[in-house]
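Below are the chains, spelled out letter by letter.
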Amino acid sequence: MSDQLIGILSFPFLLTLIFLRVPIGLSMFFTGLVGLIMVTGDTQVPFGRLKSETFTTFSSYSLTIIPMFLLMGHFATLGGMSQALFKAAEGFLGHRKGGVAMAAVGACAGFGAICGSSLATAATMGRVALPELRRYGYDGGFSTAALAAGGTLGILIPPSIVLVIYAILTEQNIAKLFLAAFIPGVIAALGYIIAIRIYVALNPESAGTGPRVPWGDRLTDLAKIWPVLLVFGAVVGGIYAGWFTPTEGAAVGALGTGLIAWVNGGLNRASLIDSFIVTARATAMIFFIILGAAFYNGFLALTQVPQGIAEWVTTSGFSPYTILILILIFYLILGCFMDSLSMILLTIPIFWPVMQGLDFNFVTMSELHAARGMEALLSVPDMTQQAVDALLATYREGGQLSLAQTVQFDTIQAHFEADIVPLDEALRALAAGEELTRDQIRALDLRRVNEGALNRINSEQVAIWFGILVLIVVEVGLITPPVGMNLFIINAMEKTTKMTATYRAVLYFIASDLARVALLVAFPFITLMFITW
């Protein structure tokens, strides 16, 4: 039996173990171990790899961000931040038809900004919002579906634990992924609110309305969410301002939410110890899944299965978008039976090499030259953005340079010590949006404008875009029957509601998710608009 065949047969074996309810981490670990023994023909290499893989995996500094975000979410719950968020949102929306459910989704989005876990967001907001939804006569299936869908915002709106894992697996910048997730996260929250509006329009008996809250009380409740804004601003703002790394930012967030919980009276010695224990248990579970995935993926790499799949796909003749859509459909199907973290750890090492081999051509060489050329011109003393734009506009229109622009040209020439002719041609090419020749590149002293640089930029753009798309379809899996983890969590809190009722209502939110995926696939700019290269 060939190594590649062993690797391919490991998939049904692994899925069989998972369906037999063997823990996912143990399933991947055992499959990887047995596979390595079969491929190498002895036990020395697999057990030697066990020692090295364990150390390599758990010595990663980037992984320390996970317990910090988990602890931050737990402290946020103890600090009463979830109640404050829901109360503030309810004040503005509760008097509308379906408004309390909309408020719950808005509160989930806010809590997701300081939590990073979908399951924790769903469970926390379920405890806060379900009593209010019952109070105003909301249908049980609709209530549980709205909260389950709102909980998924916990892994999309940064910070996100699943996004951190994706960044580690694909070796991408965590801060850039957080930034890219922001707009899709806002679109997700708005999409769920629209889904609620459509649902109550078609089923008016499913939702009641709350009393209209006076503006004074609204503003008072809004002011009480300052801890959330403070923590989110400190963590996310600090990361993008360069004050600290994402890992350090997570530690700052945990400290901040802990202090707020202590000031609000929710954190004492007993609850602090309990928070550490809960965080340690969740971290241990996640880390064991990561170890099992690392062991299994190491076995797959040895069999050359991911490389073989990537090579087959790139030579198959399918368009990049066709392959992307097939991958996303696979995730949607797999999400019906598997949790989000396991899906990411199991599939990204296989699908990411495939995506790397596809040419989406987000950035062209002329665009790269234009961006680097603009940076070079702005580095010249006394050259402002306005002056550069005016100079290039004159070249574009074919007009004569003014006296001031002639002086600017001389300043640029002296700065780069360039010859007149290639510099003049370089400015003319930049104005026309054309690729620069080698002499023109040399005239502007440009760096990082070769094919290698372009490939790295496009690879990063694809990685970030693909990561957000995967995160969304994984998120759909959390509310997709029959497994949908969020559905079970919320339904367990509302025992009088049948699961089938929740399944029927959640279809509206799944439709919203699918529409969002289609939007982001069709317009990658929405995801990448804030990503600099």
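That block above? That's the structure.
First things first, this report covers the structure right here in the doc. (Residues numbered from 1 in each chain as written. Predicted model: local features only at pLDDT ≥ 70, side-chain atom pairs only at ≥ 80, totals over all residues. Heavy atoms only, no water.)

Turning our attention to the overall build of the protein. Along its length, the protein carries 26 helices and 0 strands. In terms of C-alpha radius of gyration, the protein reaches 27 Å, essentially the compact-globule figure of 24 Å for 533 residues. The principal-axis extents of the C-alpha atoms in the protein amount to approximately 80 × 75 × 50 Å. Taken across its 533 residues, the protein has 54% of its residues classed as buried. Computed over 28 positive and 34 negative side-chain charges, the inter-centroid distance for the protein is 15 Å. (Helix = DSSP H or I, 4+ residues; strand = E, 2+ residues; numbered from the N terminus. Rg over C-alpha atoms; globule rule 2.2 N^0.38 Å. Buried < 20%, exposed > 50% of the residue type's maximum accessible area, 1.4 Å probe, protein only. Lys, Arg positive; Asp, Glu negative; His and termini not counted. Charge placed at Lys NZ, Arg CZ, Asp CG, Glu CD.)

When its volume is computed, the largest pocket comes out at roughly 1,200 Å³. Considering the residues around the largest pocket, the lining is formed by 39 residues, among which Leu119, Met285, Ile289, Asp339 and Met485 are closest to the centre. Broken down by secondary-structure element, the contributors of at least two residues to the lining of the largest pocket are helix H1 (3-19), helix H4 (65-78), helix H7 (118-135), helix H9 (161-170), helix H14 (269-303) and helix H17 (340-356). Classifying every residue of the lining of the largest pocket gives 26 nonpolar, 10 polar and 3 charged. (1 Å grid on protein atoms, 1.4 Å probe; cavity = no way out; pocket = protein on both sides within 12 Å on 5 of 7 lines; lining within 4 Å. Points joined across faces, edges and corners; volume = space filled by probe spheres on them. Nonpolar A, V, L, I, M, F, W, Y, C, P; charged D, E, K, R; others polar.)

On to H14, then. In this model H14 runs 51 Å from its N-terminal to its C-terminal C-alpha over 35 residues, within 8% of the 51 Å that 1.5 Å per residue would give. You can read the cap of H14 off the contacts: a side-chain oxygen lies 3.2 Å from the backbone nitrogen of Ala270, and it is on Asn268. One or two steps after H14, the chain reaches Gln304, where phi turns positive at roughly 65°. (Expected span 1.5 Å × (residues − 1). Polar contact = N/O pair within 3.5 Å; in protein donor to acceptor, adjacent residues only side chain to side chain.)

A grouping of Phe19, Tyr321, Ile325, Leu326, Ile329, Ile333 and Phe337 is seen on the molecular surface, where their side chains present a nonpolar patch of about 680 Å² in accessible area. By residue number, the principal contributor to the nonpolar patch is helix H16 (residues 320-334), which donates 5 residues. Among the secondary structure elements, Tyr321 is positioned in helix H16. (Patch = residues over 30% accessible without salt bridge, like charges linked within 9 Å, V, L, I, M, F, W, Y side chains within 5 Å. Areas by Shrake-Rupley, 256 points an atom, 1.4 Å probe, with all protein chains shown as cover. Salt bridge = Lys/Arg side-chain N within 4 Å of Asp/Glu carboxyl O.)

One way to put it is that helix H8 (residues 140-151) packs onto helix H25 (residues 499-522) with a least axis distance of 8 Å and a crossing angle of 50°. Overall, the two elements H8 and H25 adopt an arrangement that is oblique. Judged by the sense of rotation from one axis to the other, the crossing of H8 with H25 is right-handed. Contacts from Gly141, Phe142, Thr144, Ala145, Ala146 and Ala149 of H8 reach H25 at Ala501, Thr502, Ala505, Val506 and Phe509. Partitioned by chemical class, the residues of the contact of H8 with H25 number 8 nonpolar, 3 polar and no charged. (Axes fitted to C-alpha atoms, helices over the stretch in contact; angles between N-to-C directions. Parallel < 35°, antiparallel > 145°, perpendicular 65-115°, else oblique. Left-handed = near helix turned anticlockwise from the far one by under 90°. Contact = heavy atoms within 4.5 Å.)

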